[in-house]
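The residues making up each chain are set out below.
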Amino acid sequence: MKRQSLSAALTIIALSLTLSATAGAVRHPAGLSPVTITLTSHDDVYRLAQQGIYLEELRGLEAEARLTKAQAGLLAAAGYEVRPRADAEITRAQLTGYHSYTQLTSFLDSVRAKYPAITKKVSFGTTVEGRALWAFLITDNPDASENEAEVRLAANIHGDEVVGKELLLALIDTLTRSYGSNATITDYVNTREIWIVPCLNPDGLESGQRYNANGEDLNRDYPVPDGGSNGGSVPGTETETQQTMAFWSAKHAALSLVYHGGALVANYPWDYTTANCPDYAVARAAALGYARLNTPMYNSAEFDDGVTNGAAWYVVRGSLQDWLYNATGGMDITVECSNTKWPSAGTLPGYWNDNKAALLYYIRKAGEGIGGAVTDSATGQPLSGVTVSVAGISKAVTTDTPGDYHRLLASGSYSLTFAKTGYASKTVSNVRVNFDSLTTLNVALKSSSTTTPTLAINATSWAPAAAGGTSSAISVTNSGGSSVIAYTVSSNQTWLTVSAASGSTPGSFTMTAAANSGAARSAMVTVTATTSGVTGSPKTISVSQAAGTSGQNDAGTGGDAGNTLALAT
Ligand SMILES: [Zn+2]
C-alpha cells in the first residue's frame, strides 16, 4: 500500500545508528526512541493505531512518536518516512519571563498569604524527584466542603507545554484581586470551588521536557476506558498519575480542563475512540463555548470552529481527560492553547487576552445545568456517595460529602435517578434543564432499613437526698439504628441543673440537685431530640427530693436515706 523505496531502507539504517547514540538529558523508556513520521494522509493515524503505534503529537501530517526498532522498521518498510528526532532543548533565553517551579510555588504562597479568606494551597502528592504537586483552591470558606460546584483547571502535564501554566497563574491573580470588587468574579468565587493545578509535571517543567523524570509521558499513563493498555505499557505506573487519580477521584469536579501546547484547539472526549462519548452534546458544547471566546482558536484553519473530538484528530490512549470523565462522570476537555509550546514570554499577555473570557466562561458553566443536595429523609443529614444518573446517558455522577451533585446537561427534559445502598432509589421525571442556567433539584432518600431513629435514655426517675448531690451519668442513645440524634436536656426547676444541656447520640448527662432545707419537692428533666424524623422524643425523668432534716415527708422515706436512681429497663 505504501511505496517501498531505497530512501526508506536508508532511513532505517540512519535510525538504528541514532538509536544507540541518543542518550541525552531525556531518559526514554528502554527500547523506545523518539522519531518524526511523515504521514501521507490523515487516515494513516488509524492505520498506525491498528499496529499499536500511537502518536505523541500531530501537526498537519507530521507526527511524533516514540517507537521500538521493530515498529520503526515496520513503518519504514511500509513506505513511511521515519526520522530520528532530537529531543527539543529549551534555551535559557526561552525560560526568561516564565515561572520556574520554585517561582510558581512562591507565587502561590504569596497569593495565599494575601488572600487567606478565599484561598488554600494543597499538596496532593510528590513527583519522582520529590517536588510537591500543588492544587490551589479559590472559594469562599476554603476550609469547608460546601454545596458548591467544583471546577478543576490544570496544565503542564507535558513539561515543555508551559503557556497554560502561565494562563492559570494569571487567572489566580485575576480571581483573587477582583474578589469583592468585580460582581461576576465575586459570585463565581462564592458559589463554586475553583481548583487550579498549574503544573501536573514539575519534574518535566524543570528539565524542559515533555516527560516525567522516568521519561514517561504522563498523558498516556492513565487507565484507558476500554480497560486496555497504551500500546502495551501498563497504565498508572507513575507516581504523578497515581496521586492525581487519588485526589480527583474524591473531588467530583463538574467540569475540568487541562491545557496543552503545540496546537490551537479545544479537544473533547473521547481520545481513545472516535465513538461519541455518552455526554457528547455537553462535551462538544463545552469545548465550543470555550473556543468561541478564543478568537484565534475559533478561526482555526485546521479545525472547524476550533474544536475536535480527540480521536478524530489522533488516537490517544491513557489521557487524563478520558480517565477523569470515565471514572467520575465529570466532563473534562483538553485545550491546546498555543501553536508554539514555549513562545517568547513577551507574547504571554496576548495569550492571556485570548483565553481570559473563555476561562471565566468555563468556570461559570461548572455551576450550570442541574445540581442540588441529597439528604436522608428521616434525619435531614446530607448523603454522600449517591449515584445520580440521567436516563439515556450511561455516565453517572456522585454526590460529595455535603451531599451535593452538579452536572452540566444540554437543554432538554430529563429523568434523573438517585441511588445509594441502604436507601430506596428515587426517580424524578420531566425535569426541565437549560444548558445556560442552573436548575436546582434537591432530593431526600428514604432509608430502606425498617428502623426509625428512636430517642432512648436509661433512667425514668431520680430521688436525690435532701443534702443534694449529682446523679450518675444518664446515657442518651438511638435505639432505632446508628444515625446520630442531636438532643437538648432541660430541667423545669432552678434547684435542679443538668450538664451537658445538649449533645448527640451516643451521649450522656448528669443531674445535680441543690440541698433542700424545706419540704419535699419534685422536678422534671426533659430530653428532646432536635434532629427531625426521630420517634420516642421527648423523654422525661421524674425527680423527687426528700424534705430537709426539719421536715420528714408523709411516707417517712425522706432525709438522708435517698439519692437513688431508678434505671429504665
Ligand atoms: Zn501536550
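Residues numbered from 1 in each chain as written. Predicted model: local features only at pLDDT ≥ 70, side-chain atom pairs only at ≥ 80, totals over all residues. Heavy atoms only, no water.

A. Up close: the overall build of the chain. When helices and strands are tallied, the chain shows 14 helices and 31 strands. For 569 residues, the compact-globule estimate of 2.2 N^0.38 gives 25 Å, and the chain exceeds it by more than 25% at 32 Å. With respect to the principal axes defined by its C-alpha atoms, the chain has extents near 120 × 50 × 45 Å. By residue count, 52% of the 569 residues in the chain fall in the buried class. Long-range pairs, those at least 24 residues apart, make up 72% of the contacts in the chain with a sequence separation of at least 6. Treating the 37 positive side-chain charges of the chain as one cloud and the 46 negative ones as another, the clouds have centres 2 Å apart. (Helix = DSSP H or I, 4+ residues; strand = E, 2+ residues; numbered from the N terminus. Rg over C-alpha atoms; globule rule 2.2 N^0.38 Å. Buried < 20%, exposed > 50% of the residue type's maximum accessible area, 1.4 Å probe, protein only. Contact = heavy atoms within 4.5 Å. Lys, Arg positive; Asp, Glu negative; His and termini not counted. Charge placed at Lys NZ, Arg CZ, Asp CG, Glu CD.)

B. Molecular detail of the packing of helix α6 (residues 163-178) against helix α14 (residues 348-366). At a minimum axis separation of 9 Å, α6 and α14 run at an interaxial angle of 65°. Where α6 crosses over α14, the handedness of that crossing is right-handed. Of α14, the residues touching α6 (which contributes Val 163, Glu 166, Leu 167, Leu 168, Ala 170, Leu 171, Thr 174 and Leu 175) are Leu 348, Tyr 351, Trp 352, Asn 355, Lys 356, Leu 359, Leu 360 and Ile 363. In terms of residue class, the contact of α6 with α14 is made up of 12 nonpolar, 2 polar and 2 charged. (Axes fitted to C-alpha atoms, helices over the stretch in contact; angles between N-to-C directions. Left-handed = near helix turned anticlockwise from the far one by under 90°. Nonpolar A, V, L, I, M, F, W, Y, C, P; charged D, E, K, R; others polar.)

C. Inspection of the packing of aromatic side chains at higher detail. With the rule as written, the count across this model stands at 14 aromatic pairs. Note on Tyr 98 and Trp 342: the rings are 5.6 Å apart at their centroids and 65° apart in plane angle, and the pair reads as edge-to-face. On the criterion of sequence distance, the pair formed by Tyr 98 in the loop between α4 (92-95) and α5 (101-114) and Trp 342 in the loop between β12 (331-338) and α14 is long-range, its members being 244 residues apart. Judged by its relative accessible area of 7%, Tyr 98 is buried. What makes Trp 342 buried here is its relative accessible area of 6%. Between Phe 303 and Trp 313 the ring centres are 5.1 Å apart and the planes differ by 80°, which places this aromatic pair in the edge-to-face class. Here Trp 313 lies in helix α12 (residues 310-313) and Phe 303 lies in the loop between α11 (295-298) and β11 (307-309), a separation of 10 residues in the sequence. The same class applies to Phe 303 as to Trp 313, namely buried. For Lys 121, the ring lying beneath its charged end belongs to Trp 134, and the centroid distance is 3.6 Å. Positioned above the aromatic ring of Phe 435 is the side chain of Lys 365, whose terminal nitrogen or guanidinium carbon lies 4.0 Å from the ring centre. (Phe/Tyr/Trp six-rings, centres within 6.5 Å; stacked < 30°, edge-to-face > 60°. Lys NZ or Arg CZ within 6 Å of the ring centre and 35° of its normal.)

D. Spotlight on the environment of Asp 322. Mapped onto the elements, Asp 322 comes out in helix α13 (residues 320-328). In sequence terms Asp 322 and Trp 270 are 52 residues apart; their C-alpha atoms lie 6.0 Å from each other. What Asp 322 contacts, discounting residues up to four positions off in sequence, is Pro 225, Pro 269, Trp 270, Asp 271, Tyr 272 and Val 316. Looking at Asp 322, its side chain comes within polar contact range of the side chain of Gln 321, at 3.2 Å. (Polar contact = N/O pair within 3.5 Å; in protein donor to acceptor, adjacent residues only side chain to side chain.)

E. Highlighting the coordination of the zinc ion. Ligation of the zinc ion by protein atoms is provided by His 158 (ND1), Glu 161 (OE), Glu 161 (OE) and His 260 (ND1), these donors lying 2.0 to 2.6 Å from the ion. For the zinc ion, the 4 donor atoms in the first shell make angles of 55 to 153° at the metal, so the coordination geometry reads as irregular. In primary-sequence terms, the residues that donate to the zinc ion follow H-x2-E-x98-H. For the pair His 158 and Glu 161, one class covers both residues: buried. (Donors = N, O, S within 2.8 Å, 3.2 Å for Na, K, Ca; no water. Tetrahedral: all angles 85-135°; square planar, octahedral: opposite > 155°, others 65-115°.)

F. Focus on helix α9 (residues 239-249). All of the buried residues in α9 are Glu 240, Thr 241, Thr 244, Met 245, Phe 247 and Trp 248. Looking at the packing, one finds that the buried side of α9 touches β5 (119-126), β6 (132-138), β7 (149-155), β8 (192-197), α8 (202-207) and α13.

G. The nonpolar core, seen in detail. Counting residues in each nonpolar core, the largest one holds 67 residues, and the members touching the most others are Leu 153, Leu 171, Ile 194 and Tyr 259. Per-element tally for this core: the top contributor is α14, with 10 residues. (Core = buried A, V, L, I, M, F, W, Y, C linked by side-chain atoms within 4.5 Å.)

H. Just unusual backbone geometry, in detail. Following Pro 269, the chain continues to Trp 270 via a peptide bond in cis, the omega torsion being 0°. The residue Trp 270 is located in the loop between β10 (263-268) and α10 (280-292) in this model. For the bond from Ser 499 to Ala 500, the omega torsion is -5°, close enough to zero to count as cis. Along the chain, Ala 500 turns up in the loop between β26 (496-499) and β27 (502-504). A positive phi angle, close to 50°, is found at His 252, a residue other than glycine.

I. Structural context of the sheet that holds strand β3 (residues 62-67). Read from one edge of the open sheet, 4 strands run β2-β3-β1-β4, paired in antiparallel fashion. Either end of the sheet is taken by a strand with one partner, and the two such strands are β2 (57-59) and β4 (81-84). Within this sheet the neighbouring strands show an average axis-to-axis angle of 30°, counted without direction. The pairing of strand β1 (residues 33-38) with β4 spans 4 bridges and is classified as antiparallel. Bridging across to β4, Val 35 finds its partner in Pro 84. (Pairing = 2+ DSSP bridges.)

J. Focus on the pattern of salt bridges. Enumeration according to the criterion identifies 26 salt bridges in this entry. The salt bridge partner of Arg 47 is Asp 44, with a shortest N-O separation of 2.5 Å. Here Asp 44 and Arg 47 lie together in helix α2 (residues 44-50), a separation of 3 residues that amounts to about one turn. On the basis of relative accessible area, Arg 47 is assigned to the partly exposed category, the value being 33%. The salt bridge involving Arg 85 is made with Glu 56; its shortest N-O contact spans 3.3 Å. Placement of Arg 85 in the loop between β4 and α4 and of Glu 56 in the loop between α2 and β2 is noted, with a sequence separation of 29 residues between them. Residue class for Glu 56 comes out buried when judged on its relative accessible area of 6%. (Salt bridge = Lys/Arg side-chain N within 4 Å of Asp/Glu carboxyl O.)

From the geometry alone we can't say anything about function, so treat these as descriptive.
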